[in-house]
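# Breakdown of the fold
Chain residues, written in single-letter form:
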Amino acid sequence: MSEEKKINGNSNYDASKIQSLEGMEHVRMRPSMYIGDVGTKGLHHLVYEVVDNSIDEAMAGFCDRIDVVVHPDNSVSVSDNGRGIPVDFHEKEQKSALEVVMTKIGAGGKFDKDSYKVSGGLHGVGVSVVNALSDLLTAQVYRDNKIYEQKYSRGQAITQVEIVGTTEKLGTTITFHPDNEIFKETTNFNFDVLSNRLRELSFLNAGVKLTLTDERVSEMMPEPKTEIYYSQEGLRDFIRYLEGTREQLIDDIIHISTDKFGTPVEIAMTYNTTFNENTHSYVNNINTIEGGTHVAGFRRGLTRTLKKYADDNKMLEKAKVDVSGDDFREGLTAIISVKVAEPQFEGQTKTKLGNNETMGTVDQAVGEALGNYLEEHPKQAKTIVEKVILAAQAREAARNARLKVQRKSPLSGGGLPGKLADCADKDPANCELFLVEGDSAGGTAKQGRSRQFQAILPLRGKILNVEKAMQHKVFESEEIRNIYTALGVTIGTEDDSKALNTVKLRYHKIIIMTDADVDGSHIATLIMTFFFRHMKELIEQGYLYIATPPLYLCKKGKNERYCWNEQQRVAFIQEFGGGNESGIHTQRYKGLGEMNDKQLWETTMNPENRTLRQVTIENAAIADHTFSMLMGDDVAPRRQFIEENATYANIDA
């Protein structure tokens, strides 16, 4: 084709085809750029953005109370007793400062260092994005003894700023209703998800009282529900919360709080008798789930200081063992919180801190404070170092056990577990692996599956509880070795014994399929715990799912329907029996083995009909607490959790 013909063929491509979107239009067209997605996660992010504004007021010293209310129509109000958003006239924009903040991307006090020294919402998109993605938002500001109000819809003001009353209080209330044109999947807020975030914020901001009220009533919750989150000791209380069900190695919580090195650093840490490291990090209250320079600085300072103490006291020399960085962190639980004036996050998601200077700051802070603690507490110091030496010895044993789970080259033949029924497709993006409870259900699944893209791995009984097992014991477990080899992943190198190599991962959907009963739920939780502690990367990359087999098959005449819960069964009886069970045949599935292969395929394995629940880690600290509580030895909190969550019959990490 000639160049002339190309030009003529595109002659209708002119200036009229170039879209110039204003800020709010762009947010509505590309909401995921600002809030991550338009599903459940993005929906809850709206609340976090508004709450973060109030937290910024608290961090600046002007606010000590934040109230969040979920109303019956799924609108949400966030109120604080801060200074109140300014309402006076903005010369440059020729409108009130309130309207500028609510309708302009990049507008706000966060960029003025005299107003906010540190802030979580440094991208300046917070409340204006919430406004753009709400079909109705009302801002009420309490200042100058007046109540100012302005209403907005989809990012645009629909009223002027009006004085609607008088008051003696100070603060701001933002009430918004998510736009179902944007949030098509759901606009229903989850109380527990909001609760976890507010609890976390209370630990990170000692002395600030947060409340969460749910005004939505139902048969299950006939009265409004309110929870209060308040922490006097901040990160110390956070550690106590996380460690509540674990056996402690030392009685103390080591607390570090200083800003003498240029950046406010607060760390709380302790050691327990488990074999996992649980380090959670925050920058300006933002959970940096991917870590960053502050975590690197903490680890460097911890390793250097503990090693120096051990060397000075000739403890490693006596043990005759080579110690690595991992060994110093086994059984460690730590919360790292830094306040950085101009944080540089890697990516819009703000999950990894990039400020190089922060590494040295945290390293120095840990070195000085931890060094002093070890000198002043020789008994605890000796206990910690002995734990480190045991970890090094166990790591050597684990290295030997790990060799057994390194997958053989496909060219050498074999290498995969004998029980694995593999699929024909070799593109991991197309392939699914079902981890199935027992040989009986495994046999049914093998018959019912699509051999093209679905693989089946039966697991015998309950797998090892990795929460309480040393690493080499994990690798010695045949069922766990089978999972590793079936997936095609390998563990570690000589330098990093806990790194997971997922380059040769063979399936991009790993589906836990267990019976819909108590034993099945326990097995599913054991498997999830294994993935959370040893293959967290696969959860973070969205590869782990839970299958949901039906509980009942209901029939009346020619009408039949699978029911996944009691409510659906009652609805069937209401629809076809007028509420009367006579004449209705109900088959209760106690296990997957009770279904034939066609039924299992139709209800639980067929991508066109099935329901898969993706396992996600919205909040690593809360997930850490939940798994340690469920898999630990303390019965009371586990029983309470099960009683409170029994209605939902599932556990989401």
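Refer to the structure printed above.
Nothing here was measured: the structure is a model prediction, and the numbers come from that model.

### As for the overall build of the protein chain
For the protein chain, the count of helices and strands is 21 helices and 26 strands. In the protein chain, which comprises 653 residues, the share counted as buried stands at 51%. Taking all contacts inside the protein chain whose residues are at least 6 apart in sequence as the whole, residues at least 24 apart take part in 69%. Accessible surface for the protein chain amounts to roughly 30700 Å². Of this, 48% is attributable to carbon and sulfur atoms.

### Overview of the pattern of salt bridges
The final tally for this structure, using the stated rule, is 35 salt bridges. Asp327 is the salt-bridge partner of Arg395, the closest N and O atoms lying 2.9 Å from each other. Of this pair, Arg395 sits in helix α12 (residues 378–402) while Asp327 sits in the loop between α10 (315–319) and β16 (332–338), and the two are 68 residues apart along the sequence. Comparing Arg395 with Asp327, the two get one shared label, buried. Asp422 is paired through a salt bridge with Arg506; the nearest N and O atoms lie 2.3 Å apart.

### Looking at the side chain of Ser337
The topology assignment puts Ser337 in strand β16. For Ser337, a relative accessible area of 2% translates into the label buried.

### What about unusual backbone geometry?
Generally, phi is negative for residues other than glycine and the peptide bonds are trans, each holding for most cases. Its identity as a non-glycine residue notwithstanding, Arg154 has a phi of 50 degrees, on the positive side. On the secondary structure map, Arg154 appears in the loop between β6 (146–153) and β7 (156–157).

### Looking at the sheet that holds strand β26 (residues 612–614)
Here we have five strands laid out as an open sheet, ordered β18-β17-β21-β22-β26, and mixed in their pairing. Of all the strands in the sheet, the pair left with one neighbour each is β18 (454–459) and β26. Between one strand axis and the next, the sheet turns by 30 degrees as a mean value, whatever way the strands run. Here helix α15 (residues 478–487) sits on the sheet and contacts β17 (432–437), β18 and β21 (509–513); the angle it forms with β18, its principal contact strand, is near 165 degrees.

### A closer look at the packing of aromatic side chains
Using the criterion set out here, one finds seven aromatic pairs in the structure. Residues Phe530 and Phe531 carry aromatic rings whose centres are separated by 5.3 Å and whose planes lie at 65 degrees to one another, so their mutual orientation is edge-to-face. In textbook terms, an aromatic cluster arises when at least three aromatic residues are bridged by ring pairs, as seen for Phe203, Phe238, Tyr241 and Tyr282.

### Description of helix α19 (residues 597–605)
For α19, the set of buried residues is Gln599, Leu600, Thr603, Thr604 and Met605. Seen end-on, α19 carries its buried residues on one side only, within an arc spanning 150 degrees.

### Comments concerning the sheet that holds strand β23 (residues 552–556)
Read across the open sheet, the three strands follow the order β24-β23-β25; overall the sheet is antiparallel. The sheet is open, and its two borders are formed by β24 (559–563) and β25 (585–588), each paired with just one other strand. The mean inter-strand angle of the sheet, taken between neighbouring strand axes irrespective of direction, is 15 degrees. The pairing of β23 with β24 spans five bridges and is classified as antiparallel. Directly across from Lys556, in β24, lies its bridge partner Asn559. The strands touched by helix α18 (residues 566–577) are β23, β24 and β25; relative to β24, the strand with the most contacts, the crossing angle is about 165 degrees.

### Section: the side chain of Ser54
Relative to the helices and strands, Ser54 resides in helix α4 (residues 40–59). Excluding residues within four positions of it along the chain, Ser54 makes contact with Cys63, Ile66, Val78 and Asp80.

### Concerning the packing of helix α13 (residues 439–448) against α19
At a closest axis distance of 8 Å, the pairing of α13 and α19 adopts a crossing angle of 80 degrees. The pairing of α13 with α19 is recorded here as roughly perpendicular in orientation. Judged by residue contacts, Thr444, Ala445, Gln447 and Gly448 of α13 engage Asp597, Leu600, Trp601 and Met605 from α19. Tallied by class, the residues present in the contact of α13 with α19 amount to four nonpolar, three polar and one charged.

### Overview of the packing of α4 against helix α7 (residues 191–204)
α7 packs onto α4 with a crossing angle of 25 degrees between their chain directions and a minimal axis gap of 11 Å. In terms of orientation, α4 lies roughly parallel with respect to α7. Judged by the sense of rotation from one axis to the other, the crossing of α4 with α7 is right-handed. Each of His44, Val47, Tyr48, Val51, Asp52 and Ile55 in α4 lies in contact with α7, whose residues at this interface are Val193, Leu194, Arg197, Leu198 and Leu201. Of the residues that constitute the contact of α4 with α7, the class distribution is eight nonpolar, one polar and two charged.

### Comments concerning the pairing of strand β1 (residues 65–70)
Burial within β1 is extensive, with five of its six residues counted as buried. Where β1 and strand β10 (residues 209–214) come together, six bridges link them in parallel fashion. Its bridge partner lying in β10, Ile66 is registered against Leu210. By the bridge criterion, five bridges tie β1 to strand β2 (residues 76–80) in an arrangement that is antiparallel. Pairing of Val70 across the sheet is with Val76, part of β2.

### Thoughts on the environment of Thr274
Among the secondary structure elements, Thr274 is positioned in the loop between β13 (265–271) and β14 (278–283). Separated by 195 residues in the primary sequence, Thr274 and Ala469 have C-alpha atoms spaced 7.8 Å apart. The residues contacting Thr274, other than those within four sequence positions of it, are Arg246, Glu330, Gly331, Lys387 and Glu467. There is a polar contact of 2.6 Å between the side chain of Thr274 and the side chain of Asn272.

What counts, and at which threshold
Residues numbered from 1 in each chain as written. Predicted model: local features only at pLDDT ≥ 70, side-chain atom pairs only at ≥ 80, totals over all residues. Heavy atoms only, no water. Helix = DSSP H or I, 4+ residues; strand = E, 2+ residues; numbered from the N terminus. Buried < 20%, exposed > 50% of the residue type's maximum accessible area, 1.4 Å probe, protein only. Contact = heavy atoms within 4.5 Å. Areas by Shrake-Rupley, 256 points an atom, 1.4 Å probe, with all protein chains shown as cover. Salt bridge = Lys/Arg side-chain N within 4 Å of Asp/Glu carboxyl O. Pairing = 2+ DSSP bridges. Axes fitted to C-alpha atoms, helices over the stretch in contact; angles between N-to-C directions. Phe/Tyr/Trp six-rings, centres within 6.5 Å; stacked < 30°, edge-to-face > 60°. Arc of directions from axis to C-beta. Parallel < 35°, antiparallel > 145°, perpendicular 65-115°, else oblique. Nonpolar A, V, L, I, M, F, W, Y, C, P; charged D, E, K, R; others polar. Left-handed = near helix turned anticlockwise from the far one by under 90°. Polar contact = N/O pair within 3.5 Å; in protein donor to acceptor, adjacent residues only side chain to side chain.

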